[in-house]
Amino acid sequence: MKVVVVVFPGTNRERDMAIALERATGRKPVMLFHRETALPQGTDLVVLPGGFSYGDYLRCGAMAAQSPIMREVAAFAARGGHVLGVCNGFQILCEAGLLPGALLRNASLRFLSMDCHMRVERAGTPYTAHWQQGAVFRAPMAHGDGNWFGDDQTLARLKAENLVAFRYCEPDGRTTQAANRNGARDNIAGILSPNLRVLGLMPHPEDYVDPLMGGTDGLPMFTSLVESLASA
Amino acid sequence: MTQAPTPLDPARAKQLSAEFGLKPDEYDRLLAILGRTPALTELGIFSVMWSEHCSYKSSRVWLRTLPTKAPWVIHGPGENAGVIDIGDGLAAIFKMESHNHPSFIEPYQGAATGVGGILRDVFTMGARPIANLNALRFGAPDAPRMTRIIDGVVRGIGGYGNCVGVPTVGGEVNFHPAYNGNPLVNAMTVGIAPKDRIFLSAAAGIGNPVVYVGSKTGRDGIHGATMASAEFSADAEEKRPTVQIGDPFVEKLLIEACLELMATDMIVAIQDMGAAGLTSSSVEMAGKGGVGIELVLDNVPQRETGMTAYEMMLSESQERMLMILKPGREAEAETIFRKWELDFAVIGHLTDTGRIVIRHKGAVEAEIPLAPLESEAPLYRRPTAETPKQTVLDASAIPDPVGITSALEKLVGSLDLCSRRWIWDQYDSTVGGQTVQRPGGADAAVVKLEGLKRALAMTTDCTPRYCLADPEEGGRQAVAEAWRNLTAVGATPLAITDNMNFGNPEKPEIMGQFAAAVRGMAAACTALDFPVVSGNVSLYNETNGRAILPTPAIGGVGVLEDAAQSVGLALKPGLDLIVIGATQGWLGQSLWLREIAGREEGAPPPVDLAAERRNGDFVRARILAGQVVACHDVADGGLLVAVAEMAMGGGIGAVLEPPPASLPAHAFWFGEDQGRYVLAVADGSALLAAATAAGVPAARLGRSGGGDLVTGPGSSISVASLRAAHESTLPALMEAVG
């Protein structure tokens, strides 16, 4: 399984992601600098990790979405490639039109760094195969702009096509407003593309893959990917 | 041949020298060194280099008395940051630095650039930063602008640290009206480097190129160091142009580019451009190396047009570094900086003249001999006045006005003890994926080293109210508390960085506070094998003549060979609670006395350094033997507050045994005797026996379980109520800001 992690100059969670990927796959991912204009031959999965791509003084991810490497990532996705965007990566995927909606400023207008709980809304995808439907897991979030918004039509389509991957919830699984710290519409924490191969989410499962550093709640995402892509 | 710079008119020069903060006798020294009236740029260079901020002219005689050596110290004070050996072939590089004055004038940018500056001090030595901490002091929340200042400082620290991708893992905050006009923002960075790849700042190699990298130079922060070396009056807001503007994205690029260059053998010396920017970096690098330096300012990357030599030399624009490269390697180095889209310019070379020569537009704007600029720099042994000793209060003569549980509920919600969650929730504490103990979860932050078992523990500490009452005891306590907090997670404390925040040193009582605090710190450092390896001094923390509380903030670093051995403070059910260390009920300067009895008085609790060491070594050994489930030092608020914090951390109550009849209950529960820890263990009897064998005072406090904290028959409070009181204070305070 060949994984490529795209590193923009302001990306800052690429090492966390590389550790999680190596833990699940047994291999170091390829770290691809943003100035590259092609993905390596045989790429199975492209990961856009967290950070501040080009400083994000403009809308988060807006500049990164226009970078040459993102044209390649979009083409890869169009060919049916798997693309995972976490935090800034999710913002970039939305800005690039690979996923619908937008990530607005958090409702509190403050940066939020804390653990959150998420409910698995769509099990059985390449990213969620190792969770049960409705399972609840924990992950840190760390973002200023994680408030997912989609208009009525977009939201209706996501729900109709069952493309919501994760929702913010209480530890017992209830999707309350209190659990929805950034104010995302309909508690949405992560969404999938129609072919289920592109996933974007705000929290950081890659930071919970070791019992020493907060637990292994995030590991199923990576082991799911290994199984799905190995058999692909 | 250099033609001499054009001197200012003598009368004008003298007048300007005063405006730039030089004293008349200091100006006379300048004249003696130059042998003529200075040019404007020269006057600017002298005034910033001789400012309190850059020269440490009032503090140096005292700082020299601090212990700075230990077998594990690689570089002590004098470099950009301290360097210690932490095993596995690695060094920890760390320092704490103040950005107090700018943070009062412009809280967001002041705090943000404080973080940026301290990060550069650390990565300039070759380290990848792995953690940020801070030590903050704010005024009374109802003081003018104060909630805005709190909001801006917290946003600034978060805004910079979060973007640059270094986790902010710990810190401390106090509130006191003495900081109303002068809040303190002390930022600390800890980084890791191979111990044989440390980069220093002494320039060497005549003819070697002087290279400027990073952001362009603008007109921001001109005379920032001078501003930071004076008191504030009502015109503080007018000094806003002296505050720098930070760009954390460029800092991130600079970190990556510098570390990439440092992996090669091209660098001879490197230093960041911090306070006094291009002036201090070029003067210090050349001065340390005993060489001359010539700069051509036309080559300096500039953000604005028409900048003069004076402006460029004095600018404190952020995210810039100066380095000396090996000859002929410029193009190779430039490739790395271009990759990261940063400016790279050769702006001069080293000379054998022992002078700094500044050229701009074909003219010589400054020519100063470097040796006397340093050796003739003012150095003051200012008069000191000892702080009068305070009375030792008799606890039995102080009645308890409210009862134990009411006092506890009030204390855990008080400003100095309430939850800091509102603050740390705005700092990314997990980026990097190595954070083992996060803010609020333990007495010190623990960050694992990527790919290794080894971890660093880090903390910042100071109890300013003790320092005001007795600066020597307060200095001793600040160092001891840092040592204790590292011990409480199981780490072996190794070294400290200090950030000395005081008032106007020209006042004997302030200089006396400084000297006494250093005395106390030195005693503790020696007794605990805990040397000072770096530090920073911030004086003139006064507004309208009112000084802050003396605040020698200590940043401590310790090591754990196996991160898995660290413990946090959260209580779990079914455990014995044991207090280590003697409890005598010391109420003087306690938070109980201030918050419950409404009195700020008495001598602060003394620190018995021998007992401190014995107790701490005992606790650490038990933690490393795997016998301790949770551990918390007993600090502000005393024993019951410590237990309550453990209970709130775990969401588990405890049933406590009644206090000994020999002490008033409130003195037992809320006294702030030093050198104590509360341990939660499976087998309390075994721990008590071990303590007895080791000659360490220990006593059973009770047993964890249930949802209430029970302090006696009919005396209990639910952990849920405690949490409600503890968690609501800061959010309620800051709600109005939005």
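Being a predicted model, the structure only gives us computed values, none of them experimental.

### Details of the overall build of chain B
So, step 1. A tally of regular secondary structure across chain B gives 25 helices and 28 strands.
So, step 2. By the compact-globule yardstick of 27 Å for 738 residues, chain B fits well, its C-alpha radius of gyration being 26 Å.
So, step 3. Reported as C-alpha extents along the three principal axes, the dimensions of chain B are approximately 90 × 50 × 45 Å.
So, step 4. The contacts of chain B with a sequence gap of at least 6 include a subset with a gap of at least 24, amounting to 84%.
So, step 5. Here chain B displays about 22900 Å² of accessible surface, and carbon together with sulfur accounts for 53% of that area.
So, step 6. Averaging the locations of the 60 positively and 83 negatively charged side chains of chain B gives two centres separated by 2 Å.

### Things to note about the interface of chain B and chain A
So, step 1. Across the contact, 36 residues belong to chain B and 31 residues belong to chain A.
So, step 2. Taking both partners together, chain B and chain A bury about 2700 Å²; carbon and sulfur atoms supply 50% of that area.
So, step 3. A per-residue breakdown of the area chain B buries against chain A is headed by Phe249, Asp425 and Arg438 of chain B, which together make up 20% of the total.
So, step 4. In this structure, arginine 15 of chain A and glutamate 450 of chain B form a salt bridge, with 3.1 Å as the shortest nitrogen-oxygen distance.
So, step 5. Where chain B touches chain A, the interface holds 18 residue pairs in polar contact (both at pLDDT 80 or more).
So, step 6. Mapped by element, the contributors of at least two residues to the side of chain B that touches chain A are helix H8 (146–164), helix H10 (248–262), helix H13 (330–339), helix H16 (421–424) and strand E14 (435–437) of chain B.
So, step 7. With 5 residues, H8 of chain B is the single largest residue contributor to the side of chain B that touches chain A.
So, step 8. In terms of residue class, the side of chain B that touches chain A is built from 13 nonpolar, 10 polar and 13 charged.

### Notes on helix H19 (residues 508–527) of chain B
Residues and elements named next belong to chain B.
So, step 1. Its 20 residues place the ends of H19 29 Å apart at the C-alpha level, agreeing with the 28 Å of an ideal helix rising 1.5 Å per residue.
So, step 2. Here H19 lies mainly inside the structure; 14 of its 20 residues are buried.
So, step 3. Phi for aspartate 529, located one or two positions after H19, is positive at around 50 degrees.

### So, the packing of helix H15 (residues 404–412) of chain B against helix H22 (residues 638–650) of chain B
Residue and element names in this part refer to chain B.
So, step 1. Direction vectors running N to C along H15 and H22 enclose 65 degrees, while the axes themselves pass 10 Å from each other. By the angle between their axes, H15 is roughly perpendicular relative to H22. Two packed elements cross with a definite hand, and for H15 against H22 that hand is right-handed. The residues of H22 that touch H15, namely those facing Ile404, Leu408, Leu411 and Val412, are Leu640, Val641, Ala644 and Met648.

### Describing the packing of aromatic side chains
So, step 1. Under the criterion given, the structure shown has 11 aromatic pairs over all chains.
So, step 2. Look at phenylalanine 33 of chain A and tryptophan 340 of chain B: their rings are 4.9 Å apart centre to centre, the planes differ by 70 degrees, and that puts the pair in the edge-to-face class. Highlighted residues: phenylalanine 33 of chain A in strand E2 (residues 30–33) and tryptophan 340 of chain B in the loop between H13 and strand E11 (343–351), drawn from two different chains. In this pair, the class of phenylalanine 33 of chain A matches that of tryptophan 340 of chain B, namely buried.
So, step 3. Residues tryptophan 131 of chain A and phenylalanine 137 of chain A carry aromatic rings whose centres are separated by 4.2 Å and whose planes lie at 25 degrees to one another, so their mutual orientation is stacked.

### Details of the sheet that holds strand E11 (residues 198–201) of chain A
Residues and elements named next belong to chain A.
So, step 1. The strand order E2-E1-E3-E4-E11-E10-E9-E6-E7 describes an open sheet built from 9 strands, whose pairing is mixed. In this open sheet, the two strands that pair with only one neighbour each are E2 and strand E7 (136–143). Sheet twist, expressed as the average angle between the axes of neighbouring strands with direction ignored, equals 25 degrees.
So, step 2. The pairing of strand E1 (residues 3–7) with strand E3 (residues 45–48) spans 3 bridges and is parallel. Considered in E3, the bridge of valine 3 is made with leucine 45.

### Regarding the pairing of strand E3 (residues 90–98) of chain B
Residue and element names in this part refer to chain B.
So, step 1. Buried residues dominate E3, accounting for 9 of its 9 residues.
So, step 2. Neither face of E3 is left uncovered, since the one carrying Leu90, Ala92, Phe94, Met96 and Ser98 and the one carrying Ala91, Ile93, Lys95 and Glu97 both have all their residues buried.
So, step 3. Connecting strand E2 (residues 82–87) to the next strand, E3, in antiparallel fashion are 2 residues, including aspartate 88 with a positive phi near 55 degrees.
So, step 4. Pairing of E3 with strand E6 (residues 184–194) involves 9 bridges; the strand directions are antiparallel. Note that in E6 the partner of glutamate 97 across the bridge is alanine 187.

### Examining the nonpolar core
So, step 1. If you look at the biggest cluster of nonpolar residues, it comprises 125 residues, and the most contacted ones within it are Leu84, Trp148 and Phe166 of chain A together with Phe337 of chain B.
So, step 2. Counting residues in each nonpolar core, the second largest holds 59 residues, with Val479, Met521, Leu528 and Val628 of chain B among its members.

### A short note on the confidence of the model for chain B
So, step 1. Of the residues in chain B, 97% have a pLDDT of 70 or more, and the chain-wide mean is 95.
So, step 2. Confidence metrics for the complex model read pTM 0.96 and ipTM 0.96.

### Section: helix H1 (residues 10–19) of chain B
Residue and element names in this part refer to chain B.
So, step 1. Considered for burial, the residues of H1 that qualify are Ala13, Leu16 and Ser17. What you see down the axis of H1 is that its buried residues fit within an arc of 105 degrees, all on one side. Facing away from the buried side of H1 by more than 90 degrees, the exposed set consists of Ala11 and Ala18.
So, step 2. Those residues of H1 hidden inside the fold are in contact with helix H2 (24–34) and helix H3 (40–49).
So, step 3. One or two positions beyond H1, positive phi appears at glycine 21, with a value near 95 degrees.

### As for the sheet that holds E6 of chain B
Two modes of strand pairing occur in sheets, parallel and antiparallel, and in both the strands are linked by backbone hydrogen bonds.
Residue and element names in this part refer to chain B.
So, step 1. Reading across the sheet, the 6 strands line up as E1-E2-E3-E6-E4-E5 and stay open at both edges, with mixed pairing between neighbours. Taken across any chain shown, the strands that pair with only one partner, and hence form the sheet edges, are strand E1 (73–75) and strand E5 (168–175). Averaged over all pairs of adjacent strands, the angle between strand axes in this sheet comes to 25 degrees, irrespective of strand direction.
So, step 2. In the sheet, E1 pairs with E2 via 2 bridges, with the strands oriented antiparallel. Among the inter-strand pairings, histidine 75 is bridged to a residue of E2, identified as valine 83.

Thresholds applied
- Residues numbered from 1 in each chain as written.
- Chains lettered and ligands numbered in written order.
- Predicted model: local features only at pLDDT ≥ 70, side-chain atom pairs only at ≥ 80, totals over all residues.
- Heavy atoms only, no water.
- Helix = DSSP H or I, 4+ residues; strand = E, 2+ residues; numbered from the N terminus.
- Rg over C-alpha atoms; globule rule 2.2 N^0.38 Å.
- Contact = heavy atoms within 4.5 Å.
- Areas by Shrake-Rupley, 256 points an atom, 1.4 Å probe, with all protein chains shown as cover.
- Lys, Arg positive; Asp, Glu negative; His and termini not counted.
- Charge placed at Lys NZ, Arg CZ, Asp CG, Glu CD.
- Buried area = accessible area lost by both parts, 1.4 Å probe.
- Salt bridge = Lys/Arg side-chain N within 4 Å of Asp/Glu carboxyl O.
- Polar contact = N/O pair within 3.5 Å; in protein donor to acceptor, adjacent residues only side chain to side chain.
- Nonpolar A, V, L, I, M, F, W, Y, C, P; charged D, E, K, R; others polar.
- Expected span 1.5 Å × (residues − 1).
- Buried < 20%, exposed > 50% of the residue type's maximum accessible area, 1.4 Å probe, protein only.
- Axes fitted to C-alpha atoms, helices over the stretch in contact; angles between N-to-C directions.
- Parallel < 35°, antiparallel > 145°, perpendicular 65-115°, else oblique.
- Left-handed = near helix turned anticlockwise from the far one by under 90°.
- Phe/Tyr/Trp six-rings, centres within 6.5 Å; stacked < 30°, edge-to-face > 60°.
- Pairing = 2+ DSSP bridges.
- Core = buried A, V, L, I, M, F, W, Y, C linked by side-chain atoms within 4.5 Å.
- pLDDT = per-residue confidence, 0-100.
- Arc of directions from axis to C-beta.

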